[in-house]
Amino acid sequence: EAAVTQSPRNKVAVTGGKVTLSCNQTNNHNNMYWYRQDTGHGLRLIHYSYGAGSTEKGDIPDGYKASRPSQENFSLILELATPSQTSVYFCASGGRQAETLYFGSGTRLTVL
Amino acid sequence: GDSVTQTEGLVTVTEGLPVMLNCTYQTAYSDVAFFWYVQYLNEAPKLLLRSSTDNKRTEHQGFHATLHKSSSSFHLQKSSVQLSDSALYYCALNMATGGNNKLTFGQGTVLSVIP
C-alpha cells in the first residue's frame, strides 16, 4: 500500500503567523498535491507538483506557497495565516496520468 | 474549466435498501477518467472505483457506476447498503491522456445508513 505521511496532525496558529505543513511519500510518485477540505466545498486543489523543484498553482492558491525540495517531500506554507485558512489539509501523491491518488491522513489547522 | 457537481449534501438510507449518489460533470475534453473516492470518519479519502469507458459498468465492494457521456453523469449505486457504508463520497474527474494530471472533485455527499 502506498504511503503518504503528513505532519503535524493538528496545528493551532495565530493570525499573521507562519505555518508550514509537511508531507512525505514513499511511493516514488512524481506528482504530489495539496488539497483543503471544507464542508460544502469538498476537496479543493491549492498547489501541486510534477517533480522535485516544480510547483504549480491549483484552483485556490492565494495565501499559500508550496515547496518540493525532493521527490519525497512537498510542503505547504502559509506566510501570514488568517482565520479563513482554518481547515483540514490533505496531501496526496499520484503516478502517471489519471492514476489513483493516495492521500495522507490530513492536518487539522486552526487559525485563531 | 472542468467541474463536477454532486447535488446531495446528505443522503440517509435505511440498511438493506438501495442507494444512488448523483454525479454530473462538465468538461471540454473527450478523453477523461472518472473516479469515486470514499472517506470514512477520521480517515483519508481512498479510491472506490474508476472508469473512462462510456456505457461500461464498473464495480467494487458492492458499489457500481456507469459512465454515461450522453448525459454527462457517473452516478454511484448500491443495491443493498450496510451500516459500514456510512461515509463521505466524492466524485472526481481527470484528464485521461495529456494535459495536467490533477483531479477535480465534487462537493461530496455524506451517506448515512440507519438501522
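Structural notes, computed from the coordinates. For every chain, the first residue of the written sequence is number 1, and numbering continues from 1 along that sequence. Going through the entries in the order they are written, you letter the chains from A and number the ligands from 1. Totals for whole chains, interfaces and linings use every residue, but because this is a predicted model, local features are given only for residues with pLDDT of at least 70 and side-chain atom pairs only at 80 or more, for both listing and counting. Side-chain metrics rest on all non-hydrogen atoms present in the structure, leaving aside hydrogens and water.

### Regarding the overall build of chain A
A helix here means a DSSP run of H or I that spans at least four residues, while a strand means a run of E at least two residues long, and both kinds are numbered starting from the N terminus. Counting its secondary structure elements, chain A contains zero helices and eleven strands. Atoms considered for the radius of gyration are the C-alpha atoms alone. The globule rule reads 2.2 Å times the number of residues to the power 0.38. For a compact globule of 112 residues, the expected C-alpha radius of gyration is about 13 Å, and chain A comes in at 13 Å, within 12% of that figure. Overall, the C-alpha framework of chain A stretches about 40 × 30 × 25 Å when taken along its three principal axes. Buried residues are those whose accessible area, probed at 1.4 Å on protein chains only, stays under 20% of the maximum for their type, while exposed residues exceed 50% and partly exposed ones sit between those limits. Split into buried and exposed, the 112 residues of chain A put 52% on the buried side. In this description, contact between two residues means that some pair of their heavy atoms is separated by no more than 4.5 Å. Across chain A, every contact between residues at least 6 apart in sequence was considered, and the portion connecting residues at least 24 apart equals 54%. The distance from the centre of the 10 positive side-chain charges to the centre of the 8 negative ones in chain A is 6 Å. Asp and Glu count as negative and Lys and Arg as positive, but His and the ends of the chain are not part of the count. To locate a charge, take atom NZ for lysine, CZ for arginine, CG for aspartate or CD for glutamate.

### Considerations on the side chain of Ser54(A)
Residue and element names in this part refer to chain A. Along the polypeptide, Ser54 turns up in the loop between strand 5 (42-49) and strand 6 (56-57). Ser54 gets classed as buried once you look at its relative accessible area, which sits at 19%. Residues contacting Ser54, with those up to four places away along its chain left out, are Ser49 and Arg68.

### Let's talk about the interface of chain B and chain A
The partner chain A presents 23 residues to the 24 residues of chain B that form the contact. By buried area we mean the combined loss of accessible area, with a 1.4 Å probe, across both parts when two parts are placed together. When chain B packs against chain A, close to 1,800 Å² is buried across both sides, 49% of that on carbon and sulfur atoms. Sorting the residues of chain B by area buried against chain A places Asn101(B), Lys102(B) and Phe105(B) first, and these three jointly supply 33% of that buried surface. Any Lys or Arg side-chain nitrogen found within 4 Å of a carboxyl oxygen on Asp or Glu counts as a salt bridge. Where chain B packs against chain A, one counts zero salt bridges. Any N or O atom pair separated by 3.5 Å or less is treated as a polar contact, with the protein-specific requirement of one donor-capable and one acceptor-capable atom, and with residues adjacent in sequence counted only for side-chain atom pairs. For the interface between chain B and chain A, the tally reads five residue pairs in polar contact (both at pLDDT 80 or more). Elements represented by at least two residues in the side of chain B that touches chain A include exactly strand 5 (32-39), strand 6 (46-51) and strand 10 (87-95) of chain B. Split by residue class, the side of chain B that touches chain A holds twelve nonpolar, nine polar and three charged. In this count, Pro and Cys sit with the nonpolar residues alongside Ala, Val, Leu, Ile, Met, Phe, Trp and Tyr, while Asp, Glu, Lys and Arg are called charged and the others, Gly among them, polar.

### Re the packing of aromatic side chains
Note on aromatic pairs: each is described by the distance of the centres and the angle between the planes. When the centres of two rings from Phe, Tyr and Trp lie within 6.5 Å, Trp using its six-membered ring, the rings pair. Their planes under 30 degrees apart give stacked, over 60 give edge-to-face, and anything left gives tilted. Scanning the model with the defined rule gives 16 aromatic pairs over all chains in all. For the ring pair Tyr48(A) and Tyr50(A), a centre distance of 5.4 Å and an interplane angle of 75° mean the geometry is edge-to-face. On the basis of relative accessible area, Tyr48(A) is assigned to the buried category, the value being 3%. Each member of the aromatic cluster is reached from another via a ring pair, and the members are Tyr33(A), Tyr35(A), Tyr48(A), Tyr50(A), Phe90(A), Phe103(A), Phe35(B), Tyr37(B), Tyr90(B) and Phe105(B).

### So, the sheet that holds strand 7 (residues 57-60) of chain B
Residues and elements named next belong to chain B. Here the rule is simple: two strands pair whenever DSSP picks up at least two bridges between them. The strand order 3-9-8-7 describes an open sheet built from four strands, whose pairing is antiparallel. One side of each edge strand has no neighbouring strand; the edge strands of this open sheet are strand 3 (19-21) and strand 7. Sheet twist, expressed as the average angle between the axes of neighbouring strands with direction ignored, equals 25°. Both strand 8 (residues 63-66) and strand 9 (residues 76-78) contribute to a ladder of three bridges, which runs antiparallel. When the sheet's bridge partners are listed, His64 is paired in strand 9 with Gln77. What counts as an axis is a line fitted to C-alpha atoms, over the stretch in contact for a helix, and the angles between N-to-C directions run from 0 to 180 degrees.

### Examining the state of the cysteines
All names here are of chain B. By convention in this document, the label disulfide applies to cysteine sulfur atom pairs within 2.5 Å. Counting across every chain of the model gives two disulfides over all chains. With its sulfur 1.9 Å from that of its partner, Cys23 forms a disulfide with Cys91. The chirality of the disulfide connecting Cys23 with Cys91 is left-handed, given an S-S dihedral of about -65°. Here Cys23 is found in the loop between strand 3 and strand 4 (24-26), whereas its partner Cys91 is found in strand 10, with 68 residues between them in sequence. Overall, Cys91 belongs to the buried group, its relative accessible area being 0%.

### Focus: the side chain of Gln6(A)
Residues and elements named next belong to chain A. Structurally, Gln6 can be placed in strand 1 (residues 4-7). Judged by its relative accessible area of 7%, Gln6 falls in the buried class. A polar atom in the side chain of Gln6 sits 2.9 Å from the backbone nitrogen of Cys91. The contacts of Gln6, once residues within four sequence positions are left out, are Ser22, Trp34, Tyr89, Phe90, Cys91, Gly104, Ser105, Gly106 and Thr107.

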